[in-house]
Amino acid sequence: MSLATPTVILIALLSLLLVSPPSPPDLPAGSPSEENPDPPRDRAQEEEGIEIQGFVEGRYIVRFKQYKHGREHKLALEEQLGAKEKKGWKWIERNNAAAAYPTDFGVLQIHSDGLIDEIENLEFVKDVSAEARYSRALLFNKEIKNSNKNGCSDNAKKGPGKIFTRMSYEGGIDNNGTVNWGRKLFMQRSQITSMFGAEKLWGKGFTGSNIKMAIFDTGIRADHPHFRNIKERTNWTNEDTLNDNLGHGTFVAGVIASQDMQCLGFSPDSEIYAFRVFTDAQVSYTSWFLDAFNYAIATGMNVLNLSIGGPDYLDRPFVEKVWELTANKIIMVSAIGNDGPLYGTLNNPADQSDVIGVGGIDYSDHIASFSSRGMTTWEIPHGYGRIKPDVVAYGREIIGSKISTGCKSLSGTSVASPVVAGVVCLLASVIPENIRWDILNPASMKQALVEGAAKLGGPNMFEQGAGRVDLLESYEILIKYKPRASIFPNILDFTDCPYSWPFCRQPLYAGAMPVIFNATILNGMGVIGYVESEPRWHPFDEVGNLLSIHFTYSNVIWPWTGYLALHMQIKDEGAQFSGLIEGNITFTVVSPPAKGENNLRKSLCTLSLKLKVMPTPPRSQRILWDQFHSIRYPPGYIPRDSLDVKNDILDWHGDHPHTNFHGMFDMLRDAGYYVEILGSPFTCFQASKYGTLLLVDLEDEFFKEEIDKLQDDVKNHGLGLIVFADWYNVETMVKMKFFDDNTRSWWTPATGGANIPALNDLLKPFGIAFGDTILNGAFSLVGERSHYASGTDIAMFPEGGFVHRFSFEDNYNNSTAHNLLQAAGMVKAEYPILGILELRDRSTRIAVYGDSNCLDTSHMVINCYWLLRKLLDFTSQNIQDPMLFAPSSRLASPLVRDGAFPVRREDVNLSTYSSVINRELVCRNDARFEVLGANGYDSHATWRNRKLPGIPNIFLEQSPKGTKPSMPFDNTSVSSNSNEGMSNNHDRHHTMGRFFLPNFDGSSKCIAKSWLDIPMLVAVQWLAPVILCITGFILGLSFWRVRQKRRRRGRKGTVRSSILL
């Protein structure tokens, strides 16, 4: 592969790095904007301790493609839109500390939807989004406070911008170290610094001096006696104060830099910059954060602690600004979230690979129950998530500074985050100042933390990441550090249980769907880099050749991080092999030369791999889980499956066997079943290999080819089918509306808990359909106590099937007749909820159930694992439970409830986040290697797009997650999976030394940032045949032209005569 010359590289590097930001003027603390009053409070629903109070009427954030002073952006808009008083728009002045610096956005008051579209189409405008208003409460974890209430909320609101998690729960502490509720805390244990050995570094003279620490929180008081070095306090809210009137910001600052002997901080000499981004009412706006982030960049902050987060990793302004922060060498530390012990609950921005995400543990090194668990869900359903958190730290009953004086205790990951931020400040100060920021960056600091961390014995990788932070080990790494790249984790031992859960629970075997592992590349050599050539697998012995690995990885490693995904299959010749496969994976990362260097920086990365392999299990033990048809928040508004849970309105936990269905996964493994994940359409698997296809809580549509194939697989090829559905009721969905900042309109859910109309299409060939009732209640089946949580009923089932009915109340039926019955105490009725069908000499076996909450750990009341096991025994092995197949449950005639079949909502467009509607039927990167990029094993598939009634069949561009960025210093593609060239980007913008972030749509006028964490695979095995075909075609065309030329010479006179005529 040819590389750019050193001269070109240096020019590109200088163009990016040599523009320095101006020195900040001596500004007073930010003052509130007179034109930014607190808006009226809307009715709002509490979510995870934060109320999304709605959106400021008519107020929008307009993001620009370049950084300029606000007055320049304002004049540009006036030139294009005309006089603002006549055109119905107004520029909102933001009188804060960032006003003296160039900005990339403005806040406008707009009163016309047509004007919004006009602004968005301007050449210099990046996008327009609504100004969201957020409110958060002090964190009370679920052990202390349970705010769940029963019932469904009308007009429950969820702002599609940032949803901030709860902050911390509090217990006051007396001077003797006793928590008020009676538990004793020994003074040595209450000193969090002593738990990490900070005194040893203090004794060497390292105390965090000359480190600029930005704390984004509720502010701090200027005369607080615990702090010796408060450099600046800025206010980004609409309140006329710089003080912390809540105490959370003070506590966070105290953990980092307090000098009080009863609650010492790690880095007492660090320079504290307090960014007050929340009001006393715990309210914030999107624009406040964007302004504060810009100011942090402009004033050269070194470390930034953000003890907040939320599930929306597609909040464009916020995510892009975080990329820009880290690209400017600001080391961001953020809390991973307090939604534990649930899996798949990581918060953004801590789930970003360029951010140090922190989880919480107690003093016994157990994962705190409130600490969110991985994996990341950006990559689902077509890939696999990354390990997060990066590290864990003590986060329960930590002692820190009170609001004015004294100490108290708090618990939460928002407390664990400043523990790590304090460690980072202390570690940064050990590097000599003259080379400090040549060595330190977000990647090198994360390398020191994860490589020095102590792995805990009990938790798995998605609970602890690399393990507990070890200050002294990280210190030893940093003092010897040379810029390099590395891979995290650098050892994958799938025999190491429980750390390597879920991989250690299920060995690999031939014929299975690929096992995907997504590792993170950390590039301490530079903000940008690339993988030089295809990673290579080096087995330790001949047995290792049974393993086939396809690699997908970041074309561009930016900022500081990328991904390397391993797609692993055992070759067919290993069908009977049992044993271990070991070896190394190696690849080289290349970055531009640093200032004063002439040569490219290169670093060899090694990933050690150890896998357990077993003979291919029999078909009856293999289950295929459908992940392809799962949709969750974000990007779409997919509501929760249980309407009884009011404080969590979104379905955002991934819906994967390794996230919120992890309990079910473990149960199936304990029962001897093997679970494989299908992230592609039904045409991409062979039915003969599996006993049962398991469909749980699906929200997407189905290709017609999938419906036809499934019918054939079940009826003719012995594939068992189990469906766990959920509620779907249009009237209820209408009540769950919210205002979306992308469309600037009120939206309602595109589906219910499950997409019942789509499931009914799929099940129609078997004479089965679900209804639209929403049922709740307890019941008993086969001697097992069960609970139905917002499930639906069975509206159609064929004769001869076995149907089980139970008495429930339809709590969401608001019809007049229902209300009269309810007043008379006669609302309960029997509803069919479980159906089992066997046809054609016992070869067709189907089971359907109307509720999936009993498999989902998110809001489970009572699990129904026992029912799933009995259904699998039937569908996979034809073992019939006598009580499930009781003669009294057998239908003597078909079950059909007139008027009970739900229909699709034609006013909602599911296509924006569907994998089916207006998409090609294609086997994706998690399918078997032999069908990658094809339409499946069925050669008769038509590749056509799925179109729903009432929705125009408009081709949608490729998801932004699959866009490919450009390299600023190389004009050659760096992907081993494509020969597509990559041109230099001469139009990229940089201001004040900053890397300007691209649009999510892959706009080319900047240093592009792909969605690096989404593995995309190109089927290169067809490249040679395609080239041969094209070569043959060209040769044939040449022979034909020569022959035609000879014929024309023979008929020269005739041709001329014809022309004259």
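Going by the structure above, here's the rest.
These figures come from a predicted structure and were not determined experimentally.

Please clarify how helix H9 (residues 286-298) should be interpreted in this entry.
Given 3.6 residues per helical turn, the α-helix brings residues three or four places apart onto the same face. Between its first and last C-alpha atoms H9 spans 19 Å; for 13 residues at 1.5 Å apiece the expected length is 18 Å, and the two agree. Burial analysis of H9 places 13 of its 13 residues in the buried class, which makes it a mostly covered element. Positive phi shows up at glycine 300, right after H9, with a value of about 70°.

Just to check I follow, could you spell out unusual backbone geometry for this structure?
Keep in mind that most residues, glycine aside, have a negative phi and that most peptide bonds are trans. Residue methionine 375 is bonded to the preceding glycine 374 through a cis peptide linkage, with omega at 0°. Residue position: methionine 375 is located in the loop between strand E13 (356-361) and strand E14 (391-394). With omega at 5°, the peptide bond leading from cysteine 497 into proline 498 counts as cis. Positionally, proline 498 belongs in the loop between strand E18 (491-493) and strand E19 (515-523). Backbone geometry places tryptophan 560, a non-glycine residue, at a positive phi of 75°. The phi torsion at aspartate 655 lies on the positive side, around 50°, for a residue other than glycine.

Help me out: how do you make sense of helix H13 (residues 442-452) in this one?
Among the 11 residues in H13, 10 count as buried, and that is most of the element. For H13, every residue scored as buried is listed here: Pro442, Ala443, Ser444, Met445, Lys446, Gln447, Ala448, Leu449, Val450 and Gly452. The opening residue of H13 is asparagine 441, an N-cap whose side-chain oxygen sits 2.9 Å from the backbone nitrogen of alanine 443.

Explain the packing of helix H8 (residues 248-257) against helix H11 (residues 413-428) here, please?
Describing two packed helices takes the angle between their axes plus the distance from one axis to the other. Two elements in contact, H8 and H11, have axes whose closest approach is 7 Å; the angle formed by their N-to-C orientations is 40°. Crossing handedness for the pair H8 and H11: right-handed. Touching His248, Phe251, Val252, Val255 and Ile256 of H8 are Ser414, Val415, Pro418, Val419, Ala421, Gly422 and Cys425, all from H11.

Help me out: how do you make sense of the side chain of asparagine 441 in this one?
Within the secondary structure, asparagine 441 sits in the loop between helix H12 (436-439) and H13. The exposure class of asparagine 441 is buried, given its relative accessible area of 2%. One polar contact links the side chain of asparagine 441 to the main-chain amide nitrogen of serine 444, over a distance of 2.7 Å. One polar contact links the side chain of asparagine 441 to the main-chain carbonyl oxygen of glycine 524, over a distance of 3.2 Å. The residues touching asparagine 441, leaving out its near neighbours within four places in the chain, are Lys329, Ile331, Gly524 and Trp560.

Help me understand the pattern of salt bridges, please; the structure alone is not making it clear to me.
Between side chains of opposite charge, a pair can form as their charged atoms come close. This structure, assessed with the given rule, holds 32 salt bridges. The partner of arginine 601 in a salt bridge is glutamate 597, and the shortest N-O contact between them spans 3.0 Å. The buried category is assigned to arginine 601, whose relative accessible area is 17%. The residue glutamate 676 makes a salt bridge to arginine 622 at a minimum N-O spacing of 2.9 Å. Residue glutamate 676 is located in strand E27 (residues 674-678), and its partner arginine 622 is located in strand E26 (residues 622-626); the two are separated by 54 residues in the primary sequence. Using a relative accessible area of 3% as the deciding quantity, one classes glutamate 676 as buried. The buried category is assigned to arginine 622, whose relative accessible area is 3%. Taken together, the salt bridges that share partners define one network made up of Arg63, Lys126, Asp127, Arg316 and Glu320.

Basis of the calculations
- Residues numbered from 1 in each chain as written.
- Predicted model: local features only at pLDDT ≥ 70, side-chain atom pairs only at ≥ 80, totals over all residues.
- Heavy atoms only, no water.
- Helix = DSSP H or I, 4+ residues; strand = E, 2+ residues; numbered from the N terminus.
- Expected span 1.5 Å × (residues − 1).
- Buried < 20%, exposed > 50% of the residue type's maximum accessible area, 1.4 Å probe, protein only.
- Polar contact = N/O pair within 3.5 Å; in protein donor to acceptor, adjacent residues only side chain to side chain.
- Axes fitted to C-alpha atoms, helices over the stretch in contact; angles between N-to-C directions.
- Left-handed = near helix turned anticlockwise from the far one by under 90°.
- Contact = heavy atoms within 4.5 Å.
- Salt bridge = Lys/Arg side-chain N within 4 Å of Asp/Glu carboxyl O.

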